[in-house]
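For reference, the chains in residue letters:
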Amino acid sequence: MGTVTGPKQARSRVTRRHLLDAAVSCLAEQGWAGSTVAVVAERAGVSRGAAQYHFPTREDLFTAAVEYVAEERSTALRDLFHAGPAARPEVVAALVDMYTGILFRAALQLWVAASNEEQLHPRVSELEARVGRETHRIAVELLRADESVPGVRETVQGLLDMARGLGLANVLTDDTARRARVVAQWSRIVDTALS
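Keep in mind that what you see is a predicted model, and the values were worked out from it rather than measured.

**Focus on the nonpolar core**
Core analysis: the biggest nonpolar cluster contains 33 residues, and Val40, Leu61, Phe62 and Leu110 have the highest contact counts within it. Sorting the residues of this core by element identifies α1 (2–30), α2 (37–44), α4 (58–80), α6 (102–116) and α7 (121–143) as the ones contributing at least two each. Those residues in contact with Leu61 that lie beyond four places of it in its chain are Leu19, Leu20, Ala23, Val37, Val40 and Phe55. Core analysis: the second largest hydrophobic core is formed by 28 residues, Leu108, Ile138, Met162 and Ala163 among them.

Okay, structure coming up:
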(Lines give C-alpha, C1' and ligand atoms only; values in the text may rest on other atoms or scores of the structure.)
Protein backbone atom coordinates (compact mmCIF):
# COMPACT_ATOMS: atom_id res chain seq x y z
CA MET A 1 0.00 0.00 0.00
CA GLY A 2 2.95 2.38 0.67
CA THR A 3 3.99 2.21 -2.98
CA VAL A 4 0.61 3.61 -4.01
CA THR A 5 0.73 6.45 -1.50
CA GLY A 6 4.29 7.51 -2.42
CA PRO A 7 3.65 8.17 -6.12
CA LYS A 8 0.29 9.82 -5.34
CA GLN A 9 1.94 12.14 -2.86
CA ALA A 10 4.70 12.94 -5.32
CA ARG A 11 2.13 13.75 -8.04
CA SER A 12 0.22 15.86 -5.55
CA ARG A 13 3.36 17.87 -4.71
CA VAL A 14 4.11 18.36 -8.39
CA THR A 15 0.53 19.48 -9.07
CA ARG A 16 0.69 21.89 -6.16
CA ARG A 17 4.02 23.34 -7.39
CA HIS A 18 2.61 23.77 -10.93
CA LEU A 19 -0.40 25.60 -9.50
CA LEU A 20 1.77 27.89 -7.38
CA ASP A 21 4.07 28.76 -10.29
CA ALA A 22 1.09 29.36 -12.58
CA ALA A 23 -0.60 31.54 -9.96
CA VAL A 24 2.43 33.81 -9.61
CA SER A 25 2.75 34.13 -13.39
CA CYS A 26 -0.95 34.92 -13.80
CA LEU A 27 -0.92 37.47 -11.02
CA ALA A 28 2.19 39.19 -12.40
CA GLU A 29 0.88 39.25 -15.98
CA GLN A 30 -2.88 39.72 -15.59
CA GLY A 31 -3.33 41.28 -12.17
CA TRP A 32 -5.84 40.27 -9.53
CA ALA A 33 -8.91 40.86 -11.70
CA GLY A 34 -7.64 38.58 -14.47
CA SER A 35 -6.33 35.86 -12.17
CA THR A 36 -8.92 33.30 -11.21
CA VAL A 37 -8.61 29.74 -10.00
CA ALA A 38 -9.90 28.54 -13.39
CA VAL A 39 -7.29 30.57 -15.30
CA VAL A 40 -4.50 29.30 -13.05
CA ALA A 41 -5.70 25.69 -13.29
CA GLU A 42 -5.74 25.89 -17.09
CA ARG A 43 -2.26 27.39 -17.19
CA ALA A 44 -1.00 24.70 -14.79
CA GLY A 45 -2.58 21.97 -16.92
CA VAL A 46 -4.86 20.66 -14.17
CA SER A 47 -8.61 20.62 -13.63
CA ARG A 48 -10.30 23.34 -11.63
CA GLY A 49 -11.36 20.63 -9.17
CA ALA A 50 -7.75 19.62 -8.63
CA ALA A 51 -6.85 23.27 -8.04
CA GLN A 52 -9.63 23.65 -5.49
CA TYR A 53 -8.59 20.42 -3.78
CA HIS A 54 -5.19 21.97 -3.07
CA PHE A 55 -6.46 25.53 -2.53
CA PRO A 56 -10.12 25.79 -1.49
CA THR A 57 -10.30 29.55 -2.11
CA ARG A 58 -8.78 32.06 -4.48
CA GLU A 59 -7.16 33.80 -1.49
CA ASP A 60 -5.60 30.49 -0.39
CA LEU A 61 -4.11 29.97 -3.84
CA PHE A 62 -2.59 33.39 -4.35
CA THR A 63 -1.26 33.97 -0.85
CA ALA A 64 0.29 30.47 -0.92
CA ALA A 65 1.79 31.23 -4.34
CA VAL A 66 3.45 34.46 -3.24
CA GLU A 67 4.70 32.79 -0.06
CA TYR A 68 6.08 29.81 -2.00
CA VAL A 69 7.96 31.97 -4.49
CA ALA A 70 9.23 34.24 -1.69
CA GLU A 71 10.69 31.19 0.05
CA GLU A 72 12.24 30.02 -3.22
CA ARG A 73 13.68 33.50 -3.73
CA SER A 74 15.17 33.54 -0.22
CA THR A 75 16.79 30.17 -0.77
CA ALA A 76 18.17 31.25 -4.15
CA LEU A 77 19.57 34.45 -2.65
CA ARG A 78 21.35 32.56 0.11
CA ASP A 79 22.62 30.01 -2.44
CA LEU A 80 24.15 32.80 -4.52
CA PHE A 81 26.56 33.44 -1.69
CA HIS A 82 26.90 29.96 -0.18
CA ALA A 83 30.62 29.81 -0.93
CA GLY A 84 31.34 32.49 1.64
CA PRO A 85 31.13 36.22 2.22
CA ALA A 86 30.57 38.31 -0.88
CA ALA A 87 31.48 41.90 -1.57
CA ARG A 88 28.73 44.19 -0.32
CA PRO A 89 28.08 45.73 -3.77
CA GLU A 90 27.24 42.24 -5.08
CA VAL A 91 24.86 41.67 -2.18
CA VAL A 92 23.19 45.06 -2.69
CA ALA A 93 22.70 44.31 -6.39
CA ALA A 94 21.24 40.86 -5.60
CA LEU A 95 18.85 42.34 -3.04
CA VAL A 96 17.67 44.97 -5.53
CA ASP A 97 17.20 42.26 -8.20
CA MET A 98 14.68 40.58 -5.89
CA TYR A 99 12.37 43.54 -6.42
CA THR A 100 12.50 43.66 -10.21
CA GLY A 101 11.28 40.18 -11.10
CA ILE A 102 8.04 38.33 -11.49
CA LEU A 103 7.59 37.75 -7.75
CA PHE A 104 7.61 41.47 -7.03
CA ARG A 105 5.05 42.10 -9.79
CA ALA A 106 2.82 39.35 -8.41
CA ALA A 107 3.18 40.56 -4.83
CA LEU A 108 2.39 44.11 -5.92
CA GLN A 109 -0.86 42.92 -7.53
CA LEU A 110 -1.71 41.03 -4.35
CA TRP A 111 -1.01 44.12 -2.19
CA VAL A 112 -3.28 46.28 -4.34
CA ALA A 113 -6.06 43.68 -4.22
CA ALA A 114 -5.66 43.36 -0.44
CA SER A 115 -6.12 47.09 -0.01
CA ASN A 116 -9.67 46.71 -1.39
CA GLU A 117 -10.65 43.16 -0.40
CA GLU A 118 -11.55 42.70 3.23
CA GLN A 119 -11.00 38.91 3.29
CA LEU A 120 -7.59 39.21 1.64
CA HIS A 121 -6.17 42.14 3.63
CA PRO A 122 -5.23 40.37 6.91
CA ARG A 123 -3.69 37.41 5.09
CA VAL A 124 -1.55 39.57 2.82
CA SER A 125 -0.53 41.88 5.69
CA GLU A 126 0.62 38.91 7.75
CA LEU A 127 2.41 37.35 4.76
CA GLU A 128 4.15 40.61 3.88
CA ALA A 129 5.29 41.08 7.49
CA ARG A 130 6.74 37.54 7.55
CA VAL A 131 8.44 37.88 4.15
CA GLY A 132 9.75 41.32 5.12
CA ARG A 133 11.30 39.98 8.34
CA GLU A 134 12.92 37.09 6.48
CA THR A 135 14.28 39.37 3.75
CA HIS A 136 15.69 41.70 6.40
CA ARG A 137 17.31 38.74 8.19
CA ILE A 138 18.90 37.54 4.95
CA ALA A 139 20.13 41.04 4.12
CA VAL A 140 21.73 41.40 7.57
CA GLU A 141 23.39 38.01 7.19
CA LEU A 142 24.70 38.58 3.66
CA LEU A 143 25.84 42.13 4.36
CA ARG A 144 27.54 40.98 7.58
CA ALA A 145 25.78 43.84 9.34
CA ASP A 146 26.08 44.27 13.10
CA GLU A 147 22.68 45.54 14.18
CA SER A 148 23.95 46.29 17.69
CA VAL A 149 25.64 49.34 16.16
CA PRO A 150 23.31 52.36 16.15
CA GLY A 151 21.90 53.11 12.70
CA VAL A 152 22.82 49.78 11.10
CA ARG A 153 19.30 48.32 11.31
CA GLU A 154 17.91 51.47 9.71
CA THR A 155 20.59 51.37 6.99
CA VAL A 156 19.61 47.81 6.05
CA GLN A 157 15.91 48.66 6.15
CA GLY A 158 16.54 51.79 4.06
CA LEU A 159 18.32 49.64 1.49
CA LEU A 160 15.34 47.27 1.28
CA ASP A 161 12.88 50.17 1.06
CA MET A 162 14.97 51.74 -1.70
CA ALA A 163 15.08 48.40 -3.53
CA ARG A 164 11.28 48.13 -3.33
CA GLY A 165 10.99 51.65 -4.73
CA LEU A 166 13.28 50.79 -7.63
CA GLY A 167 11.17 47.69 -8.28
CA LEU A 168 8.05 49.83 -8.34
CA ALA A 169 9.64 52.27 -10.80
CA ASN A 170 10.55 49.32 -13.02
CA VAL A 171 6.93 48.12 -13.25
CA LEU A 172 5.97 50.83 -15.73
CA THR A 173 9.22 51.39 -17.61
CA ASP A 174 12.57 49.70 -18.04
CA ASP A 175 14.58 51.52 -15.42
CA THR A 176 17.79 49.51 -15.84
CA ALA A 177 20.24 52.35 -16.53
CA ARG A 178 19.06 54.64 -13.73
CA ARG A 179 18.75 51.68 -11.35
CA ALA A 180 22.39 50.69 -12.00
CA ARG A 181 23.58 54.17 -11.01
CA VAL A 182 21.39 54.23 -7.88
CA VAL A 183 22.52 50.73 -6.87
CA ALA A 184 26.18 51.72 -7.29
CA GLN A 185 25.67 54.77 -5.06
CA TRP A 186 23.72 52.80 -2.45
CA SER A 187 26.44 50.15 -2.46
CA ARG A 188 28.96 52.81 -1.49
CA ILE A 189 26.64 54.22 1.19
CA VAL A 190 25.91 50.80 2.66
CA ASP A 191 29.55 49.76 2.64
CA THR A 192 30.57 52.97 4.41
CA ALA A 193 27.72 52.73 6.94
CA LEU A 194 28.40 49.09 7.76
CA SER A 195 32.20 49.25 7.87
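**Concerning empty space enclosed by the protein**
Across all of its chains, the model carries one cavity of 30 Å³ or more by this definition. A volume near 170 Å³ is recorded for the largest cavity. As for the largest cavity, its lining consists of 16 residues, of which Arg73, Ala107, Trp111, Glu128 and Val131 are closest to the centre. Of all the elements in the fold, those that place two or more residues in the lining of the largest cavity are α4, α6 and α7. Here the element with the most residues in the lining of the largest cavity is α7; it accounts for six residues. Of the residues that constitute the lining of the largest cavity, the class distribution is eleven nonpolar, two polar and three charged.

**What about the packing of aromatic side chains?**
Enumeration according to the criterion identifies three aromatic pairs in this entry. Geometrically, the ring pair formed by Trp32 and Phe62 is edge-to-face, given 5.5 Å between the ring centres and 65° between the ring planes. Residue Trp32 is located in the loop between α1 and α2, and its partner Phe62 is located in helix α4; the two are separated by 30 residues in the primary sequence. Taking the relative accessible area as the measure of exposure, Phe62 reaches 0% and is therefore buried. When the centroid spacing of 5.8 Å and the interplanar angle of 85° are considered together, the rings of Phe104 and Trp111 count as edge-to-face. It is Arg58 that lies over the ring of Trp32; its NZ or CZ is 3.8 Å from the centre.

**Remarks on the packing of helix α5 (residues 88–97) against α7**
The contact between α5 and α7 brings their axes to 9 Å, and the two run at 160°. On the basis of their axis angle, the class for α5 and α7 is roughly antiparallel. Helix-helix and strand crossings are classified by hand; for α5 and α7 the assignment is right-handed. Contact residues: Arg88, Val91, Val92 and Leu95 in α5; Ala139, Leu142 and Leu143 in α7. Residues belonging to the contact of α5 with α7 are distributed by class as follows: six nonpolar, no polar and one charged.

**Observations regarding the packing of α6 against helix α8 (residues 152–172)**
Taken N-terminus to C-terminus, the directions of α6 and α8 make an angle of 90°; their axes are 11 Å apart at the nearest point. When the axes of α6 and α8 are compared, the pair comes out roughly perpendicular. Only Arg164, Gly167, Leu168, Asn170 and Val171 of α8 make contact with α6, whose side of the interface consists of Phe104, Arg105, Leu108 and Trp111. Grouping the constituent residues of the contact of α6 with α8 by class yields five nonpolar, two polar and two charged.

**Notes on the pattern of salt bridges**
Taken as a whole, this structure holds twelve salt bridges when the rule is applied. Two residues, Glu141 and Arg78, come together in a salt bridge whose shortest N-O distance is 3.2 Å. In this pair, Glu141 sits in helix α7 while Arg78 sits in helix α4, placing the two residues 63 residues apart along the sequence. On the basis of relative accessible area, Glu141 is assigned to the partly exposed category, the value being 44%. Arg164 is paired through a salt bridge with Glu128; the nearest N and O atoms lie 3.7 Å apart.

What counts and what doesn't
Residues numbered from 1 in each chain as written. Predicted model: local features only at pLDDT ≥ 70, side-chain atom pairs only at ≥ 80, totals over all residues. Heavy atoms only, no water. Core = buried A, V, L, I, M, F, W, Y, C linked by side-chain atoms within 4.5 Å. Buried < 20%, exposed > 50% of the residue type's maximum accessible area, 1.4 Å probe, protein only. Helix = DSSP H or I, 4+ residues; strand = E, 2+ residues; numbered from the N terminus. Contact = heavy atoms within 4.5 Å. 1 Å grid on protein atoms, 1.4 Å probe; cavity = no way out; pocket = protein on both sides within 12 Å on 5 of 7 lines; lining within 4 Å. Points joined across faces, edges and corners; volume = space filled by probe spheres on them. Nonpolar A, V, L, I, M, F, W, Y, C, P; charged D, E, K, R; others polar. Phe/Tyr/Trp six-rings, centres within 6.5 Å; stacked < 30°, edge-to-face > 60°. Lys NZ or Arg CZ within 6 Å of the ring centre and 35° of its normal. Axes fitted to C-alpha atoms, helices over the stretch in contact; angles between N-to-C directions. Parallel < 35°, antiparallel > 145°, perpendicular 65-115°, else oblique. Left-handed = near helix turned anticlockwise from the far one by under 90°. Salt bridge = Lys/Arg side-chain N within 4 Å of Asp/Glu carboxyl O.

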